[in-house]
Amino acid sequence: MPPYQNLKFKNRFIDLGPEFYQEKQPDPVTDPYLVDYSPSVGALIDLPSEGGSDFLEKFSGNQPMEGARPLAMAYGGHQFGSYNPRLGDGRGLLLGEVLNKENISWDVHLKGAGPTRFARGFDGRATLQSSIREHLGSEALSGLGIPSTRSLAVIGIRELIYRKKPELAAILVRIADSHIRFGSFEYFHKTNQPKNVERLAEFAIQNHHKDLWNEPERYRIFFRRVLTLTAKLIAKWQAVGFVHGVMNTDNMTITGTTFDYGPYGFIDQFNPSYTPNSSDTHGRYAYQQQPEIGFWNLNKLAETLIPLVGSDQLQEEIKQYQPIFNGFYREEMGRKLGISILDEDFSQLTQEMFQLLINHHVDYSNFFRLLANYPDKIEKLQFDVGMHSWLENYLKLCEREGTNHKERKKKMDAVNPKFILRTHLVQNALEKSLKDSDFSEVKRLRVLMEDPFKDKPELFQEYDIDSDLYSQATPKEFLGRQTSCSA
Ligand code: AMP
Ligand code: MG
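Each chain has its residues counted from 1, running along the sequence as written. Chain letters and ligand numbers both follow the written order, the letters beginning at A and the numbers at 1. Selection of residues for local features in this predicted model requires a pLDDT of at least 70, selection of side-chain atom pairs for listing and counting requires 80 or more, and totals for whole chains, interfaces and linings are taken over all residues. Processing note: side-chain calculations cover all non-hydrogen atoms of the structure and skip hydrogens and water entirely.

### Details of the coordination of the magnesium ion (ligand 2)
Atoms of type N, O and S within 2.8 Å of a metal are treated as its donors, and for Na, K and Ca the window is 3.2 Å; water is not considered, so some sites may appear to be missing partners. Those donors, Asn251 (OD1) and Asp260 (OD), are the protein atoms that reach the magnesium ion (ligand 2), and they lie 1.9 to 2.2 Å from it. Per residue, the accessibility class of asparagine 251 equals that of aspartate 260, and both read buried. For every residue, the accessible area obtained with a 1.4 Å probe (protein chains only) is divided by the maximum for its type, and the residue is called buried under 20%, exposed over 50%, and partly exposed between those limits.

Put into structure tokens, the structure is as follows:
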């Protein structure tokens, strides 16, 4: 039996009723072709390690999937600070929730499956370019150990769509723990449907935070959980230098997962005001703003829960965001620096480090790999007297906890990536894909980013990966590059 007939669809979301979605089959496409397929994501829902023609027919939406009840979700959300009441899956469809062998449930979602009633006049499609970007971004974050939606495959479709110019189109097969967004709550709150806010909260708890079900104040604790997961996620983004680029409330989920990859980017030369989104002219979603925007977005979620939890109670909860975030962030930075006593001296050391990185235009990711070798190869780090004295302070903090430098290097190299999804690498993969339909670079990057912490000589040989080349700092002409939302 073809493996796709074994998929166990649950369709729990359907039970919420038609106010929550539009039921719709994906639009058929002509001659779908495989751009890239991730075997490790396939394994999450017990799929084979390759996506054959049967896979393409099913996951492009050409053939209905047995047991699936595809639907477009209704949601609203704040975009760049203003509420947009008419969002919803304009081009996405939740095929259903698939139960794997281990009884873990995964949402299977197609992005770019044709217009739905939420499409607002747009074409319901996604560009090949943006689909490859999301595919690589999600696999890179997951490889870094950061919660993220996953990308099973990019399926090219032979259809031209129009953005600033004609573009190739594709469908992204997204696998996620949940597609419930802060904006899903906002939609029912803003349309004065308090009963449905409650039903959604109940659904979210029952299916995604089941351990809270018997809590006497379960909606309050649910909010605390979402707040904690969000703070933890953003602390991880900050530590690794990831900038989401579009932290609208419809792109934040109740499981604290990196969600909806658009014009994202990684910090190269350290610059806290970097925003990868070319439409973000005021830097609302810049690197240094992300923790604050997380707080802002949580406030929007809290507003929808006032009738269920109470305003004073939510105030109490939201006050905890800053200390919770700071705690996670300090731990992340401690791990990056290989230090475990995280006191005032440590905070001062990190602050001074950031200032030096800014002053000397240092490549953020490569800095930590160099530092792991310290005190060996010290010459690569001594940019000036300031850095020299910083290194002495660093050594003092290592010594006060009796650090063994070999052990420290091992620990630091396990959390500081050697390979980062740098703009020029993505750009190269996109150029080959779009100009020559050569997707080998997409595959190479996906394989490399699955475990970005170390060289794997055999694998690198198989995929023709030159470790030095892929770990190099971003070339000058690509520094601080931005992408537009539609690209
Ligand atoms: P996104 O930028 O993917 O987060 O999308 C923001 C909103 O616009 C969501 O409601 C999408 O469903 C919708 N949207 C974006 N592009 C399209 C498109 N080409 N067709 C229909 N809806 C779209
Ligand atoms: Mg979105």
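### With respect to the pairing of strand E7 (residues 92-99)
Each helix is a run of DSSP H or I of at least 4 residues and each strand a run of E of at least 2, with the numbering of both proceeding from the N terminus. For E7, a buried count of eight out of eight residues is recorded, marking the element as mostly surrounded by other parts of the structure. Strands qualify as paired when DSSP identifies two bridges or more between them. Sheet topology places strand E1 (residues 8-9) next to E7; two bridges connect them, and they run antiparallel. For lysine 8, the partnering residue across the bridge sits in E7 and is leucine 99. As judged from the seven bridges shared by E7 and strand E8 (residues 105-111), these two strands associate in the antiparallel manner. Note that in E8 the partner of leucine 99 across the bridge is serine 105. Remark: five residues form the turn of the hairpin made by E7 and E8, two consecutive strands paired antiparallel; asparagine 103 in that turn has positive phi of roughly 70 degrees.

### Comments concerning the domain arrangement of the chain
Here the chain is described as being made up of domain 1 (3-182) and domain 2 (338-415). Where each domain begins and ends follows an automated or database-derived domain assignment. The straight-line distance from the C-alpha centre of domain 1 to that of domain 2 is 42 Å.

### Side note on the side chain of histidine 208
On the secondary structure map, histidine 208 appears in helix H5 (residues 194-208). The definition of a polar contact used here is a pair of N or O atoms within 3.5 Å, where within protein one atom must be able to donate a hydrogen and the other to accept one, and adjacent residues in sequence count solely through side-chain atom pairs. At 3.5 Å, the side chain of histidine 208 forms a polar contact with the backbone oxygen of aspartate 177.

### Side note on the side chain of lysine 24
Along the chain, lysine 24 falls in the loop between strand E2 (21-23) and strand E3 (33-37). Of the polar contacts made by the side chain of lysine 24, one reaches the side chain of aspartate 27; its length is 2.9 Å. Contacts are residue-level and defined by heavy atoms, with any inter-residue pair within 4.5 Å sufficient. Leaving out residues up to four positions away in the same chain, lysine 24 has contacts with Pro70, Leu71, Leu93, Ala113, Gly114, Pro115 and Thr116.

### Focus: the packing of aromatic side chains
Where two aromatic rings form a pair, the distance of their centres and the angle of their planes describe that pair. By convention, a stacked pair of Phe, Tyr or Trp rings (six-membered ring in the case of Trp) has centres within 6.5 Å and planes under 30 degrees apart, an edge-to-face pair has planes over 60 apart, and any other such pair is tilted. Under the definition given, this model contains 28 aromatic pairs. For the ring pair tyrosine 37 and phenylalanine 55, a centre distance of 5.1 Å and an interplane angle of 90 degrees mean the geometry is edge-to-face. A residue pair is termed long-range when its members are at least 10 positions apart, and tyrosine 37 in strand E3 and phenylalanine 55 in helix H2 (residues 53-59) qualify at 18 residues. Comparing tyrosine 37 with phenylalanine 55 shows no difference in burial state: the two are buried. Counting as a charge over the ring demands two things of the Lys NZ or Arg CZ atom: a distance within 6 Å of the ring centre and an angle within 35 degrees of the ring normal. Over the face of the ring belonging to tyrosine 219 we find arginine 218, whose NZ or CZ atom lies 5.7 Å from the ring centre. Note that lysine 300 overlies the ring of tryptophan 296, its terminal NZ or CZ placed 4.9 Å from the centroid.

### Observations regarding the packing of helix H10 (residues 344-359) against helix H11 (residues 364-373)
Packing of H10 against H11 leaves a shortest axis separation of 11 Å and a crossing angle of 120 degrees. Taken together, the axis directions place H10 and H11 in an arrangement best described as oblique. The handedness of the crossing between H10 and H11 comes out as right-handed. Seen from H10, the contacting residues are Met353, Phe354 and Leu357; seen from H11, they are Tyr364, Phe367 and Phe368. Following the grouping adopted for this structure description, the nonpolar residues are Ala, Val, Leu, Ile, Met, Phe, Trp, Tyr, Cys and Pro, the charged ones are Asp, Glu, Lys and Arg, and the polar ones are all others, Gly among them. For the contact of H10 with H11, the residue count by class is six nonpolar, no polar and no charged. Under this scheme, a helix contributes an axis fitted over its contacting stretch, all axes are lines through C-alpha atoms, and angles between N-to-C directions fall in the 0 to 180 degree range. Orientation categories follow fixed angle ranges, with anything under 35 degrees roughly parallel, anything over 145 roughly antiparallel, 65 to 115 roughly perpendicular, and all other angles oblique. Here a crossing is taken to be left-handed if its near helix is turned anticlockwise relative to the far helix by less than a right angle, and right-handed if that turn runs clockwise.

### Focus: the site of ligand 1
Taken together, 16 residues surround ligand 1, and among them Gly88, Gly90, Arg120, Asp123 and Gly124 come closest. In this structure, a nitrogen atom belonging to ligand 1 sits 2.8 Å away from a main-chain N or O atom of glycine 124. At a separation of 2.9 Å, an oxygen atom of ligand 1 approaches a polar side-chain atom of aspartate 260. Every accessible area reported is derived by Shrake-Rupley at a probe size of 1.4 Å, with residue values counting cover from the shown protein chains alone. In the complex, 81% of the free accessible area of ligand 1, which totals 480 Å², lies under the protein chains. Of the residues contributing to the shell around ligand 1, the split by class is four nonpolar, four polar and eight charged. Here, proximity means that at least one heavy atom of the residue falls within 4 Å of the molecule or strand.

### Description of a nonpolar patch on the surface
Only residues above 30% relative accessible area that lack a salt bridge enter a patch, with like-charged residues linked at up to 9 Å and the nonpolar side chains Val, Leu, Ile, Met, Phe, Trp and Tyr linked at up to 5 Å. Whenever Lys or Arg places a side-chain nitrogen within 4 Å of a carboxyl oxygen from Asp or Glu, that contact is recorded as a salt bridge. A surface patch of nonpolar side chains, amounting to about 370 Å² of accessible area, comprises Leu160, Tyr162, Leu168 and Leu434. Position of tyrosine 162 among the secondary structure elements: in strand E10 (residues 150-162).

### Some words on unusual backbone geometry
Cis geometry marks the peptide bond from tyrosine 374 to proline 375; its omega dihedral reads 5 degrees. Here proline 375 is to be found in the loop between H11 and helix H12 (385-400). Phi angles above zero are rare outside glycine, and aspartate 31 is one such case at about 50 degrees. Inspection of the secondary structure puts aspartate 31 in the loop between E2 and E3. The residue aspartate 464 is not glycine, and still its phi comes out positive at about 60 degrees.

### Re the pattern of salt bridges
All chains considered together, the criterion is met by 33 salt bridges. As a salt-bridge pair, aspartate 123 and arginine 163 come within 2.8 Å of each other at their nearest N and O atoms. Pair noted here: aspartate 123 is in the loop between E8 and strand E9 (126-127) and arginine 163 is in the loop between E10 and strand E11 (166-176), with a separation of 40 residues, a long-range link. Assessed through its relative accessible area of 29%, aspartate 123 is described here as partly exposed.

### Overview of the nonpolar core
Formed by 113 residues in total, the largest nonpolar core has its most connected members in Phe13, Phe55, Phe59, Leu152 and Phe185. When residues of this core are assigned to their parent elements, the largest contribution, twelve residues, is made by helix H6 (residues 218-240). Those residues in contact with phenylalanine 13 that sit more than four places away from it in its chain are Phe20, Tyr21, Leu71, Met73, Leu94, Glu97, Ile180, Leu200 and Phe203. The nonpolar core is taken to be a set of buried Ala, Val, Leu, Ile, Met, Phe, Trp, Tyr and Cys residues, with the residues joined through side-chain atoms within 4.5 Å. The next biggest cluster of nonpolar side chains, apart from the first, holds 30 residues, and it includes Ala239, Tyr394, Leu397 and Cys398.

### Overview of helix H14 (residues 423-436)
In this analysis, the expected span of each helix is defined as 1.5 Å times one less than the number of residues it contains. If you check H14, its first and last C-alpha atoms are 20 Å apart, about what 14 residues at 1.5 Å a residue would give, namely 20 Å. Of all the positions in H14, only Thr423, His424, Leu425, Val426, Ala429, Leu430 and Ser433 are classed as buried. Where H14 is buried, its residues touch helix H3 (128-143), helix H15 (440-450) and helix H17 (467-471). One or two residues past the end of H14 sits serine 437, with phi positive at roughly 50 degrees.

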